[in-house]
Structures are given as structure tokens and as C-alpha cells.
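Geometric and topological summary
Now for the letters of each chain:
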Amino acid sequence: MDQTQIEALRAQAVTPFTHIIDGKQVAASDGATLDVISPIDGSVLTTIAKGTVSDMERAIASARASFEDQRWAGQPPAARKKVLLKWADLIEANALELAVLGVRDNGTEIGMAMKAEPGSAAGTIRYYAEALDKIYGEIAPTSHDVLGMIHKEPVGVVGAIIPWNFPLMIGAWKLGPALAMGNSVVLKPAETASLSLMRMVQLAHDAGLPEGVLNAVTGEGAVVGEAMGLSMDVDVLVFTGSGGTGRRLMEYSARSNMKRVYLELGGKSPNIIFADAPNLDEAAKVAAGGIFRNSGQVCVAGSRLLVEASIHDEFVSAVAKAAAGMRVGDPLKLNTAIGAVNSETQLLQNLGFVKIAQDEGGEIMAGGTRILEETGGYYMAPTIVTGVAPESTISQKEVFGPVLGVTSFETEEEAIRIANSTVYGLAGAAWTSNLSRAHRMVRAIRTGVMHINTYGGADGTVPLGGVGQSGNGSDKSLHAIEKYINLKTAWIKL
Ligand code: ADP
């Protein structure tokens, strides 16, 4: 990847995107479209189809038909594996094109997007392709006059609703295991980051995925997402996004067919720095990266920095220095460390949280403002707020922006109490040289992922799942497969 290749891709006009239903490009039933605004400069990049309820119903019917005739689920595992491996290869072969398209749509800095988007999506699809012929049913330990068998069957039609921060990575976390286990899928990308995911769906068809097995409908969550949630013909709903939408999806399920709903929601993840951390400079740099990369639009972002009082001032200065060294700007420039905020709405919401933090007694030590407004794009300076009380708004509510709240603590017990004092439980970290303390922190902090002496980077071999209001069910690893199968018992009298 070099700057010249990126600029050549940036210069290309983006043709309008439609839905993909039954393997075909399909416009919205009423022809409506939504403008796609690039957060890089606020310009209109292209359009996507503005889906209607009937578009969603048509996509679900297509998925259902493809599942009923077993055109995918009925193929031998080796055949499904071949298609998925080919798909992963195509994602890799088109990685730069996908990454640049995605960045023009959602603003993530290109260095991170290349790795976290096509790179990780290809790896995820390949992981589940390789796993699919290694998953066996079970035989129960019964008496000898019966045979108890447990079959693992696909559930049928999976609905997947994807957010805008990492559409390919998170899309692949759902699509990989769902398709590997033989399900048919209807996908709903986010309004503000549909393009690269729709292109990835096209590549699945180029790889030989049969028509109707993977359908994708773009448009507004409140219209097509709701229609998916209320459908009587979707068996499992998988979602990553905000708690408010997650709550609605559970209601839709209760009001319709009681479909299983798996949610990966927000977090307010604590990054806890003890004075005995092995390398405080390293910890400061990683802490800055852990909240400011992708403008803080990362579900596991370390948004609460808890620092032992004896090193508080020195450590926070080191984080501020690291943040000052991260160049904010055009996300398609290779030397940019922090790209654009996804949308103007999101930017205004971030600034609103900064104002609340100040009103509640926090001190803005760095950032706090919109920058580069002359570009027309949506950029925000990395923001550090000190003196943040554990019960204050920015300690309790997910900002989903480049805003770090700092709180100091005196003892390990106090750090644990503060860390566990939100409704969330997605990720966390503790930095210490004390082995026993490290293990105590892993046990004591209520999260899905606990890092020690690092932040982020847990790969596809381990699950990512929240506790509390951060969600249920895990993405990644073999554990994710459980969401996409039914267990069926065969009880046979011999
Ligand atoms: P965020 O606040 O991060 O944008 P959302 O939860 O609003 O998170 O969006 C995540 C995904 O959920 C997007 O694909 C969006 O279109 C979808 N969505 C939003 N509202 C609804 C809804 N009422 N029903 C179903 N899906 C929705």
C-alpha cells in the first residue's frame, strides 16, 4: 500500500449502490435513495438504496427459499468450505479497494482500516471455513438399549444488523460462522457505512455463494432494521450497535416470533494503571491508542483511565504527550493516526458530552473541540478530561468518540470498585508487574475481555462478548458458532 495507489482509488467516482437480493442488484421498491456523505470533507460520495419494508420482506423471502431448498445447507461441508475460502481470497485480493471505499464512507484512518477491515474480515471468513468440517455432533452416554444423538443443525434465516465503525470486521464476525454452519442470511449495513460491506457481499457471489443465501438491504435502521426485527421468518437476529437499538430488537422479537437475539453493545471500559506497571511510557502510548484510534469509535475503547494517585500527574502528562503526537486529519493519508468522526451527528454528540463533563466539574486537559472545520469534514481533537468523578455522566455513558475521562484511585480495592461501577462490562485492562495482582484483576473486573499490560488486539481465537448491558453471546472463536446452530436430539430405541 502506498500513497499513490490510495490517491488513484480516492479519485474514482463511486457508482450508486443497490440492495443485493437473490444474487441480483435491486433498487428500492419506490426507487428512493439515500445520499452517502463522506466524513472526510462532507461531500456526497454516492447513493445507497433507501430500503422499504417490502424490500426487506423480499430479501427475507429469498433467504428463506434458499434455506428451504438446501442449496447451501445441503452442500457437502467441503463444498461450502471451498466457496468461503475463495471468498476470503477475493477479499484479500481486493483489500486496498475495499479499505479505501470504506474509509471514504466512514472516516477510519487507512492504516487501521487496512488491518482491521479487509485484513481481519478475510482472516475471520477463513477461520470459520476451516472450522466447518471439524465440528461434530455428539453421542450421549445412555444405557445400551437406546442411542441418544445430538445433531448440530443450522437455525435457518439469520438477520444481521451491522454498525458503521468496522463494517467488514464486524460483518465477518457474523457472516463467517452463520454461513459456515449452513444458514441463509439477510444483512443490514449501517446507513453511514454500507459501501464496503455491500462490495464484500458482491465478492461472496463472485466466489460462488449460491444466489439467495446472502441478501443485503441498505437503508434506515428504523425502517428496514425494524422490519427485520419484526419478521416472522427470521430465526436469529445478531446485532452490534447501541444499547437503545439492542433493547428495541428484543422488543421486536417479543412482539413477533420470539427469535433469538444476540447483542454486542457498548462499553465504558476501564484502563487501570498501577504505579507498579512494567513500563509507564509504553502504558501511556497504548492508553492513548486504546481510546483515540478511529476517533474513539471502537466498542472496546478504553474510555475510562483509572490511575493510581501516586503517579497520576506524571502518567496523565505522558498520555497527553502521546495524544499530541497522533496526527488527526485526512484518513486516507498514510501518516494520519486519527481519521474523521463518522458523521456530523456523532461529532455534535461528542462535543455535547465534553460540555456535560465540564459542567460536572471535569477539567479539559487536552482537546475538547472540533478541528479542521475548513475541510468540510468531521474531525475532533483527542480529548482528555481529568478529575472525572466515577458517578459523572462521562464515566457512566458511552461517548463513542475521542474522549478520555481520567479518575485517580488510592488502592486496588478502590480501583476495582470504580471499574465495576457502570452498567457495562465489555473490556478492561490493568497494568501491573505484580503477577498475583494481575490475576486478581482478571477475576475481579466484570468484563468480557480483560487485558493485562496491553490494550486491545485480542485475535479471532478468543471470544468477544459483553456482560451486563454490554450484551450477550460472543463474536469470534469457535464459541460464536453456538449462536448459529440448533441442537437437535435424536432418541432411538434399539
Ligand atoms: P449507533 O448509535 O452506533 O449508530 P445504532 O444502534 O443506531 O448505533 O446502529 C447500529 C445499527 O442498527 C445500524 O445498522 C442501524 O441502521 C441499525 N438500527 C438503528 N435503529 C434501528 C431499529 N430501530 N431497528 C433495527 N435496526 C436499527
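Just so it is clear, the model here is predicted, and its values are computed rather than measured.

1. A look at the packing of helix 10 (residues 280-292) against helix 11 (residues 312-324)
- Where helix 10 meets helix 11, the closest approach of the two axes is 8 Å, and the angle between their N-to-C directions is 55°. Regarding the angle of helix 10 to helix 11, the classification is oblique. When the axes of helix 10 and helix 11 are compared, the crossing they make is right-handed. Between helix 10 and helix 11, the residues in contact are Leu280, Ala283, Ala284, Lys285, Ala287, Ala288 and Phe292 and Glu314, Phe315, Ala318, Val319, Ala322 and Ala323, respectively.
- Across the contact of helix 10 with helix 11, the residue classes break down as eleven nonpolar, no polar and two charged.

2. A few points about helix 14 (residues 412-419)
- Residues Glu412, Ala415, Ile416, Ile418 and Ala419 constitute the buried set of helix 14. An end-on view of helix 14 places all buried positions within 165° of arc, on one side of the element. Among the exposed residues of helix 14, those pointing more than 90 degrees away from its buried face are Glu413 and Arg417.

3. Concerning the domain arrangement of the chain
- Along its sequence, the chain is organised into domain 1 (3-265 + 471-491) and domain 2 (270-459).
- On a C-alpha basis, the centroid separation for the pair domain 1 and domain 2 is 30 Å.
- Residue-level contacts link 26 residues of domain 1 with 28 residues of domain 2.
- Together domain 1 and domain 2 conceal approximately 2200 Å² of surface at their shared face, both sides included; 55% is due to carbon and sulfur atoms.
- The largest contributions to the domain 1 side of the interface with domain 2 come from Pro39, Glu109 and Trp164, which together make up 26% of the buried area.
- Here domain 1 is connected to domain 2 by three salt bridges.
- Inspection of the region where domain 1 meets domain 2 yields 17 residue pairs in polar contact (both at pLDDT 80 or more).
- Breaking the side of domain 1 that touches domain 2 down by element, the ones donating at least two residues are helix 1 (3-10), helix 4 (95-106) and helix 5 (110-131).
- Counting residues per element, the side of domain 1 that touches domain 2 draws most heavily on helix 4, which supplies five residues.
- When grouped by side-chain class, the residues that make up the side of domain 1 that touches domain 2 number eleven nonpolar, seven polar and eight charged.

4. Observations regarding the sheet that holds strand 21 (residues 485-493)
- Read from one edge to the other, the open sheet built from three strands follows the order 5-6-21, with strand pairing classed as antiparallel. The sheet is open, and its two borders are formed by strand 5 (138-139) and strand 21, each paired with just one other strand.
- One ladder, built from nine bridges, connects strand 6 (residues 146-154) with strand 21; its direction is antiparallel. Paired with Glu153 across the bridge in strand 21 is Asn486.

5. Here we look at the side chain of Asn420
- Relative to the helices and strands, Asn420 resides in the loop between helix 14 and strand 19 (427-431).
- Beyond its immediate stretch of four places on either side in the chain, Asn420 contacts Ala444, Ile445 and Arg446.

Cut-offs used in this document
- Per chain, residue numbering runs from 1 following the sequence as it is written.
- Local features in this predicted model are restricted to residues whose pLDDT is 70 or higher, and side-chain atom pairs enter the listing and the counts only when it is 80 or higher, whereas totals over whole chains, interfaces and linings include all residues.
- Here the side-chain values reflect all heavy atoms present in the structure, with hydrogen atoms and water set aside.
- Fitted lines through C-alpha atoms give the axes, limited to the stretch in contact for helices. The angle between two N-to-C directions lies from 0 to 180 degrees.
- Secondary structure elements follow DSSP: runs of H or I no shorter than four residues count as helices, runs of E no shorter than two count as strands, and numbering proceeds from the N terminus.
- Roughly parallel means an angle under 35 degrees; roughly antiparallel means over 145; roughly perpendicular covers 65 to 115; every other angle is labelled oblique.
- Take the far helix as the reference: if the near one is turned anticlockwise from it by less than a right angle, the crossing is left-handed, and if turned clockwise, right-handed.
- Pairs of residues are marked as contacts when any of their non-hydrogen atoms sit within 4.5 Å.
- The residue classification treats Ala, Val, Leu, Ile, Met, Phe, Trp, Tyr, Cys and Pro as nonpolar and Asp, Glu, Lys and Arg as charged. All others, Gly included, are polar.
- The rule is simple: take the accessible area with a 1.4 Å probe, protein chains only, and divide by the maximum for that residue type; under 20% is buried, over 50% is exposed, in between is partly exposed.
- An arc is given here, and it is the one of the directions from the helix axis to the C-beta atoms.
- For each domain, the first and last residues come from an automatic or database assignment.
- A 1.4 Å probe defines the accessible area here, and the buried area is the portion of it lost by two parts on being joined, summed over both.
- The salt bridge definition used is simple: a Lys or Arg side-chain nitrogen within 4 Å of an Asp or Glu carboxyl oxygen.
- Polar contact is defined as a pair of N or O atoms within 3.5 Å, subject to the rule that within protein one atom must be able to donate a hydrogen and the other to accept it, and that residues adjacent in sequence are counted only when both atoms are side-chain atoms.
- Pairing between strands requires that DSSP locate at least two bridges from one strand to the other.

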